[in-house]
Amino acid sequence: MMRFIFPLVFSLIVFGGDVLGAAQRPNLVLIIADDLGTQIGCYGDPTARTPNLDRLAKEGVRFTNAHVTVASCSPSRGTMFTGLYPHQHGMFGLSQQGWSKMHDDVPKLPNALKDLGYRTGIIGKTHFEPFDLFKWDVVETNGKKVVMQRDVRWMNAQAAKFLDAQPAGEPFFLVMSYVDPHRGGGDGRYDTGKNEKFPRLRMGLPENPPTPEETQPIAFLGVDSADVRREDSDFYSAVDRLDTGVGEFLDLLEKRNLGGEETLVIFIGDHGPDVTRGKMAAYVTATHIPMLIRWPGHDEAGLTRDELVSTLDLFPTFLAAAGAKKPVIDARQSGESLLPLLEPGKVDWRKELFTEFITHVPWHFYPRYTVFDGKYHLIHNIEGGKRGNPLEPNNYCYAWWEAESPKYEGTPIRTVYDHVENPPEFELFDVTTDPYEQHNLANNPEYKELAASMAARVMAWRKETQDPFLDPAFGKAFAEKVAAMKKDYENKNGGNH
């Protein structure tokens, strides 16, 4: 598709009404938390200490049924910035190895906003490729500060510089991409062969981290032990630090008179937490995220919405808020503006939502596709029953190790965790009675017709969205490619992943 880009002034004159005047266009802020599901206070988590995020929820709109398209960092961020599913935008897995990149022709959110006269900036984690095709005026991504030190105050200082350099009368689009509560960053592993630690303390934050004794395990894990509580208390410490960073950033906006109707703020997680059945999975515990939107004068403070919303909707939401006449700019985009949901009232909205998982690192290739209608969630594990999930044991959290201990032999929770390694082809859950998806209904005769109809809908969606993995030759070539990459990695690293 050819794209004609005109200078902003020319477009305002010629197309009169296609975009709002500069004074009417709000500033746009997207705050991303890394590996954060709904483990914050305003979503009912009993351990999370998140007064700033809770305040944001009270001041704006809280979405109870928001989901990412995939529980892996790079593909998820690819969706945020293109409005496309991973199998459409091309970033099937993590970007840092240079093997997974978005297609050149995908729509690009900062570019579209620049065409509308916005100054653009991203501070913190980026983690998507090809980065140079995206038009950012300001980029601050210091790896030591952002990833290792989790220096939320350094990030906020860069935001202050960005705001103070903003030309008068010109709107901005700013992405604040915090790395907490992601694992890693230099603390090592919990034990030999176990996963990396969550960073408990960084740069003096949090000031009062929760102790293991006062920590309730992440709700969907379903097991408890001293090790689980120790690991999860570190996770909640990182959530606490994130909350401090977000709160102080929001204070920056307030001090510059940017906390009112002139600024739309959206807060989200990029997928669920890095624990078993969270990150790198296809369960709702992996895709369910917090989504908080504040736009004073355009929303009802304290409102909650239960509609099925997706990160696919971010692209058209930002463009609609910016005054674009057509917030969907590519025929492949299927998201919708969330602006009608910021006020009370019935809105004609989607009745089903799709997610997927293709891979994380190259050799985690294990495609899964899902459909969720708000009550029933069907997962199609394409190779389920044929081969096991290629995740390594060091990808799991202590809850997995606990569930695999002898005392859980023959129990339902053992089956739940066994299905992480060896899932059946189809899994079906009623999330209204089984919110953590521990009781698979796919083989229950009473649900045979429902499972079949939902599986057919998944296949129809894949065809509608032109999933390249429907082509056996494409899938075979991709599998061979990532297998070769794994072998090469093991040769270079002594078999260690």
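Scroll up to find the structure this text is about.
These figures come from a predicted structure and were not determined experimentally.

Trainee: Just give me the short version of the nonpolar core, but keep the residues and values in it.
Mentor: Of all hydrophobic cores here, the largest spans 63 residues; its most connected members are Ile31, Met176, Tyr178, Leu221, Phe249, Phe267 and Tyr417. Of all the secondary structure elements, the ones that give two or more residues to this core are strand 1 (27–33), helix 2 (51–59), helix 7 (152–164), strand 5 (172–178), helix 8 (226–255), strand 6 (263–269), helix 11 (398–403) and helix 12 (412–421). In terms of residue count, the dominant contributor to this core is helix 8 (ten residues). Setting aside anything within four residues of it in sequence, one finds Ile31 in contact with Met176, Tyr178, Val246, Phe249, Leu250, Val265, Ile266, Phe267 and Ile268. Among the nonpolar cores identified, the runner-up in size contains 44 residues, and Val68, Met102, Met291 and Phe315 belong to it.

Trainee: Provide a residue-level description of the packing of aromatic side chains, including the pertinent values.
Mentor: Throughout the structure, instances matching the rule amount to 26 aromatic pairs. Between the aromatic rings of Phe128 and Phe134, the centroid separation amounts to 5.0 Å while the plane-to-plane angle is 70°, which identifies the pairing as edge-to-face. Judged by relative accessible area, which is 2%, Phe128 ranks as buried. With centroids separated by 5.3 Å and ring planes inclined at 85°, the aromatic side chains of Phe469 and Phe478 adopt a geometry described as edge-to-face. Under the relative-accessibility criterion, Phe469 is labelled buried at 10%. Ring pairs connect the aromatic residues Phe81, Phe128, Phe131, Phe134, Trp136, Phe173 and Phe318, which therefore count as one cluster. Above the face of the Tyr43 ring, Arg62 is positioned so that its terminal group lies 4.9 Å from the ring centre. The positively charged end of Arg462 is found above the aromatic ring belonging to Tyr369, 3.9 Å away from the centroid.

Trainee: If you had to explain the pairing of strand 13 (residues 426–430) to someone new, which residues and values would you point to?
Mentor: If a strand is regular, its side chains alternate between the two faces of the sheet. Burial analysis of strand 13 places four of its five residues in the buried class, which makes it a mostly covered element. Strand direction decides the pairing type here: strand 12 (residues 376–381) and strand 13, joined by five bridges, are antiparallel. Counted as the bridge partner of His380 is Phe426 from strand 13.

Trainee: Quick rundown of the packing of helix 2 against helix 8? Include the residues and the values.
Mentor: Relative placement of two packed helices is described by the angle separating their axes and the distance separating the axes. It is the contact of helix 2 with helix 8, at a shortest axis distance of 7 Å, that shows an interaxial angle of 50°. The angle between helix 2 and helix 8 falls in the class oblique. Facing helix 2, whose interface residues are Pro51, Asn52, Leu53, Arg55 and Leu56, helix 8 presents Asp243, Thr244, Val246, Gly247, Leu250 and Asp251. For the contact of helix 2 with helix 8, a count of residues per class yields five nonpolar, three polar and three charged.

Trainee: Break down the sheet that holds strand 12 for me, with residues and values.
Mentor: What holds strands together in a sheet is hydrogen bonding between their backbones, with the strands either parallel or antiparallel. Sheet architecture is open: four strands sit in the order 10-11-12-13, paired in antiparallel fashion. The sheet terminates laterally at strand 10 (353–357) and strand 13, the two strands that pair on one side only. Between one strand axis and the next, the sheet turns through 15° on average, direction left out of account. In the packing of helix 13 (residues 448–464) onto the sheet, the strands contacted are strand 10, strand 11 (368–372), strand 12 and strand 13, and the crossing angle to strand 12 comes to about 65°.

Trainee: Could you give an account of the pairing of strand 2 (residues 61–67), naming the residues involved and the relevant values?
Mentor: Most of strand 2 is tucked away, with six of its seven residues classed as buried. The pairing of strand 2 with strand 7 (residues 288–294) spans five bridges and is classified as antiparallel. Residue pairing for strand 7: Arg62 is matched across the bridge by Leu292. By the bridge criterion, three bridges tie strand 2 to strand 8 (residues 303–305) in an arrangement that is parallel. Residue pairing in the sheet places Arg62 in a bridge with Thr304 of strand 8. In this sheet, strand 9 (residues 309–310) lies alongside strand 2 in parallel orientation, the contact comprising two bridges.

Trainee: I'd love a proper account of the side chain of His89, names of residues and values included.
Mentor: Looking at where His89 falls in the secondary structure, it is placed in helix 4 (residues 86–89). Within polar-contact distance, the side chain of His89 engages the backbone nitrogen of Met91 at 3.1 Å. With sequence-adjacent residues up to four places away left out, His89 is seen in contact with Pro75, Gly78, Thr79, Thr82, Leu84, Lys101, Met102, His103 and Val106.

Trainee: Outline empty space enclosed by the protein, listing residues and values.
Mentor: The full count for this structure, using the stated rule, is one cavity of 30 Å³ or more. By volume, the largest cavity amounts to about 160 Å³. What lines the largest cavity is a set of 20 residues, among which Met280, Ala281, Arg368, Asn389 and Val420 lie closest to the centre. Secondary structure elements with two or more residues in the lining of the largest cavity: strand 12 and helix 12. Partitioned by chemical class, the residues of the lining of the largest cavity number ten nonpolar, five polar and five charged.

Calculation criteria
One numbering rule holds for all chains: residues counted from 1, following each sequence as written. In keeping with the predicted nature of the model, local features appear solely for residues at pLDDT of at least 70, side-chain atom pairs appear and are counted solely at 80 or more, and the whole-chain, interface and lining totals rest on all residues. Side-chain metrics rest on all non-hydrogen atoms present in the structure, leaving aside hydrogens and water. To form a nonpolar core, buried Ala, Val, Leu, Ile, Met, Phe, Trp, Tyr and Cys residues must be joined to one another through side-chain atoms within 4.5 Å. For each residue, the accessible area found with a 1.4 Å probe, counting protein chains only, is set against the maximum for its type, and the residue is called buried under 20%, exposed over 50%, and partly exposed in between. To qualify as a helix, a DSSP run of H or I must reach at least 4 residues; to qualify as a strand, a run of E must reach at least 2; elements of each kind are numbered from the N terminus. Here a residue-residue contact requires only that any non-hydrogen atoms of the pair lie within 4.5 Å. Two aromatic rings, drawn from Phe, Tyr or Trp (for Trp, its six-membered ring), form a pair once their centres lie within 6.5 Å of each other, and the interplanar angle then sorts them: stacked below 30 degrees, edge-to-face above 60, tilted otherwise. Geometrically, a lysine NZ or arginine CZ counts as sitting over a ring once it is within 6 Å of the ring centre and also within 35 degrees of the ring normal. Each pair of strands is called paired provided DSSP finds at least two bridges between the two strands. As a rule, the C-alpha atoms of each element are fitted with a line to give its axis, helices using only the stretch in contact, and angles between N-to-C directions run from 0 to 180 degrees. Working rule for angles: under 35 degrees goes down as roughly parallel, over 145 as roughly antiparallel, 65 to 115 as roughly perpendicular, anything else as oblique. Gly is placed with the polar residues, together with every amino acid not listed as nonpolar (Ala, Val, Leu, Ile, Met, Phe, Trp, Tyr, Cys and Pro) or charged (Asp, Glu, Lys and Arg). Here a polar contact means two N or O atoms within 3.5 Å. Within protein one must be a hydrogen donor candidate and the other an acceptor candidate, and residues neighboring in sequence count only if both atoms are side-chain atoms. Think of a 1 Å grid over the protein atoms and nothing else: a 1.4 Å probe that fits but is trapped marks a cavity, an open set flanked by protein within 12 Å on at least five of seven lines marks a pocket, and residues with an atom within 4 Å of a point count as lining. Grid points are joined across faces, edges and corners, and a volume is the space filled by probe spheres set on the points.

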